[in-house]
Amino acid sequence: MNLNSQPDKKQVAKKKFDLGKKALTNGLFLDAVNLYRESGKIYDELKMKKESFMAFYQAIMARREQYPGFLRKESEDFLRPEYLQELEEFVSNFSEFGQGEKPLYKKRYVKTKYGYLLAKTHKSQLENEYEAKSQALLTLANLVETHPDVFPGEYYQVNNVFKWRMMATQAKVKVLRATGVSLGVLAEEYKRIADMNEPPAGSTAPFSKEVMAQQANFYADSLKFVAFSKLEKRNPTISDVKAAMEYMKQALVQAGNAKVLFDQMDKAKGISYMENLRYLSFWYNIFRLRVSVVDKEFDEARVAFEAALFDARYYKDLDRESDIFPNYFADFNDLQNEALIISASRSLVVDRDARKSGEFLKQWTDQSRDRYLGSWRFNNIYIRYLAVSLLALLPSC
């Protein structure tokens, strides 16, 4: 046999293809992949594009049999690099088949590209490559939208196309965040996403309800960033804290609306979303606590303190204090000791008992000295303690 002659090379390619089929039948997946790819390369040299397409397509199918957990997040096969590389090569080398007149080739090419783009979005997410993720999602949406014969029905043509375009927009915002833009700009971006996030025409429940839940969630994100933006300056005033509190309260309302919708759709989603609600609740009550103490509303301050402490304990128990601290308070212990500051303020302002107020402040300084000595907050409260102690010595007190 002359392996350089076209008829003989064609025969070798066909034989390898047939051997690949046999290996696949026998569960020899790696052998099948290699035989199909060798067959495809020979067909490609012979300019037999359709035969080459089918050989490489079968290689991909054999690889899928080898790694059935591909694109399943819980599987070790989730993003197998060799499989992903082969998908990329196939999509790149056979792009003309995506618009071909032969339905069989077109459908196989388009579905393979679909799987490749899904994998690319996951890979980009894992690598924090949000620009690449955004582009892959937009390409995916366009692919599905332009091939309704391959991807028919509401699930693909309405729900997924809408979802991917929204996810692409969110990925763009993550790119923006990485540039260090202001919190005010981020608030505007999330409001823009929320305004866009209306249930698309043709959508039905439960998808339309999920879109509404996400819309409320994006409004909550926008309001959260507005709240934090009020405290961006170096020395925010209590008026700034009050403004932050009001915006965070609105964020909490929107998040509560989202939670109700998620619960109606799927209890598991509602439980998962509780994390976001708890985070917003913590910050709202931190702001509320600070405002209430300054306004001498000590009962309100105590309620806000207990609520903030309850939320903070959740993060402490999970060893995730860094998710919420430091803020005005250095850590969980610092927040916990705020009960003494509230009692000290009440004793001085309401009970007009400087001696008792001083005792509470001394207790705070004794408990905080080892951890916070030298900090602005420690120095401020220590000076307050000295002032109240002097006041307690005056006959009128």
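Above this note sits the structure.
Trainee: Looking at this structure, how should I read the overall build of the protein chain?
Mentor: When its secondary structure is counted, the protein chain shows 16 helices and zero strands. For 397 residues, the compact-globule estimate of 2.2 N^0.38 gives 21 Å, and the protein chain exceeds it by more than 25% at 31 Å. Considering only C-alpha atoms, the protein chain reaches an extent of 120 × 45 × 35 Å along its principal axes. When each of the 397 residues of the protein chain is scored for burial, the buried share is 44%. Considering only contacts in the protein chain between residues 6 or more positions apart, those separated by 24 or more positions represent 59%. Surface summary for the protein chain: the accessible area is close to 21200 Å², and the carbon and sulfur share equals 52%. Between the mean site of the 60 positive side-chain charges and the mean site of the 53 negative ones, the protein chain shows a separation of 3 Å.

Trainee: Teacher, can you tell me more about the packing of helix H1 (residues 6–25) against helix H2 (residues 29–45) here?
Mentor: Any two packed helices are characterised by the angle at which their axes cross and by the distance between the axes. Interhelical geometry of H1 versus H2 gives an angle of 160° and a closest axis separation of 8 Å. With respect to H2, the axis of H1 lies roughly antiparallel. For the element pair H1 and H2, the recorded crossing hand is left-handed. Contacts from Lys9, Lys10, Val12, Ala13, Lys14, Lys16, Phe17, Leu19, Gly20, Lys21, Ala23 and Leu24 of H1 reach H2 at Phe29, Asp31, Ala32, Leu35, Tyr36, Glu38, Ser39, Ile42, Tyr43 and Glu45. Here the contact of H1 with H2 is composed, by residue class, of 12 nonpolar, two polar and eight charged.

Trainee: What exactly am I supposed to notice about the nonpolar core here?
Mentor: What tends to happen in soluble globular proteins is that the nonpolar side chains get buried as a cluster. In this structure, Met248, Phe282, Phe287, Leu289, Phe325 and Leu335 are the most contacted members of the largest nonpolar core, which totals 40 residues. Sorting elements by how many residues they give to this core places helix H11 (residues 267–294) first, with 11 residues. Dropping the residues within four chain positions of it, Leu289 is found in contact with Ala301, Ala304, Phe305, Phe329, Leu335, Glu338 and Ile342.

Trainee: For this particular structure, what's the right way to read the side chain of Asn276?
Mentor: When you line up the elements, Asn276 lands in helix H11. Among the polar contacts made by the side chain of Asn276, one reaches the side chain of Asn217 at a distance of 3.5 Å. In contact with Asn276, other than residues within four places in its own chain, are Asn217 and Ala255.

Trainee: What exactly am I supposed to notice about helix H9 (residues 207–229) here?
Mentor: Along an α-helix, a turn takes 3.6 residues, which lines up residues three or four apart on a common side. A rise of 1.5 Å per residue sets the reference length of H9, with its 23 residues, at 33 Å; its end C-alpha atoms lie 33 Å apart and thus fit the reference within 8%. The buried fraction of H9 is high, at 18 of 23 residues.

Trainee: Sorry if this is basic, but what is going on with the packing of aromatic side chains here?
Mentor: Each aromatic ring pair is specified by the distance between its two centres and by the angle formed by the two planes. Counting across every chain of the model gives 32 aromatic pairs. The interplanar angle of 80° and the centroid separation of 6.5 Å between the aromatic rings of Phe228 and Phe287 together place this pair among those described as edge-to-face. Of the two residues, Phe228 is situated in helix H9 and Phe287 in helix H11; the sequence distance between them amounts to 59 residues. Judged by relative accessible area, Phe228 falls into the buried class, the value being 17%. By relative accessible area, which is 2% here, Phe287 ends up buried. Put simply, the rings of Phe53, Phe56, Tyr57, Phe90, Phe94, Phe97, Tyr105 and Tyr109 pair up and form one aromatic cluster. Over the aromatic face of Tyr314 sits the side chain of Arg278, whose NZ or CZ is 3.7 Å from the ring centroid. The ring of Tyr328 carries the charged tip of Arg290 above its face, separated from the ring centre by 3.9 Å.

Trainee: I tried to follow helix H8 (residues 183–196) on my own but got confused; where do I start?
Mentor: Between its first and last C-alpha, H8 extends 20 Å over 14 residues, near the 20 Å set by a 1.5 Å rise per residue. Taken as a whole, H8 has its buried residues at Leu186, Ala187, Glu189, Tyr190, Ile193 and Ala194. Axial view of H8: buried residues confined to an arc of 165°, hence all on one face. Along its buried surface, H8 packs onto helix H7 (153–178) and H9.

Trainee: Sorry if this is basic, but what is going on with the environment of Pro68 here?
Mentor: Structurally, Pro68 can be placed in the loop between helix H3 (49–66) and helix H4 (81–93). For the pair Pro68 and Gln214, spaced 146 residues apart in sequence, the C-alpha separation works out to 32 Å.

Trainee: In this structure, what is going on with unusual backbone geometry? I would like to understand it.
Mentor: Most peptide bonds take the trans form, and the phi angle of most residues other than glycine is negative. Look at the link from Ala205 to Pro206: it is a cis peptide, with omega at 10°. By the element assignment, Pro206 lies in the loop between H8 and H9. Residue Pro326 follows Phe325 across a cis peptide bond; omega there is -5°. Mapped onto the fold, Pro326 is located in the loop between helix H12 (298–317) and helix H13 (332–336). We note that Leu71 has phi near 70°; this positive angle belongs to a residue other than glycine. Its place among the elements puts Leu71 in the loop between H3 and H4. In this structure, Asn128 takes a positive phi of about 55° despite not being glycine. Within the secondary structure layout, Asn128 lies in the loop between helix H5 (103–126) and helix H6 (130–145).

Scoring rules and cut-offs
- Residues numbered from 1 in each chain as written.
- Predicted model: local features only at pLDDT ≥ 70, side-chain atom pairs only at ≥ 80, totals over all residues.
- Heavy atoms only, no water.
- Helix = DSSP H or I, 4+ residues; strand = E, 2+ residues; numbered from the N terminus.
- Rg over C-alpha atoms; globule rule 2.2 N^0.38 Å.
- Buried < 20%, exposed > 50% of the residue type's maximum accessible area, 1.4 Å probe, protein only.
- Contact = heavy atoms within 4.5 Å.
- Areas by Shrake-Rupley, 256 points an atom, 1.4 Å probe, with all protein chains shown as cover.
- Lys, Arg positive; Asp, Glu negative; His and termini not counted.
- Charge placed at Lys NZ, Arg CZ, Asp CG, Glu CD.
- Axes fitted to C-alpha atoms, helices over the stretch in contact; angles between N-to-C directions.
- Parallel < 35°, antiparallel > 145°, perpendicular 65-115°, else oblique.
- Left-handed = near helix turned anticlockwise from the far one by under 90°.
- Nonpolar A, V, L, I, M, F, W, Y, C, P; charged D, E, K, R; others polar.
- Core = buried A, V, L, I, M, F, W, Y, C linked by side-chain atoms within 4.5 Å.
- Polar contact = N/O pair within 3.5 Å; in protein donor to acceptor, adjacent residues only side chain to side chain.
- Expected span 1.5 Å × (residues − 1).
- Phe/Tyr/Trp six-rings, centres within 6.5 Å; stacked < 30°, edge-to-face > 60°.
- Lys NZ or Arg CZ within 6 Å of the ring centre and 35° of its normal.
- Arc of directions from axis to C-beta.

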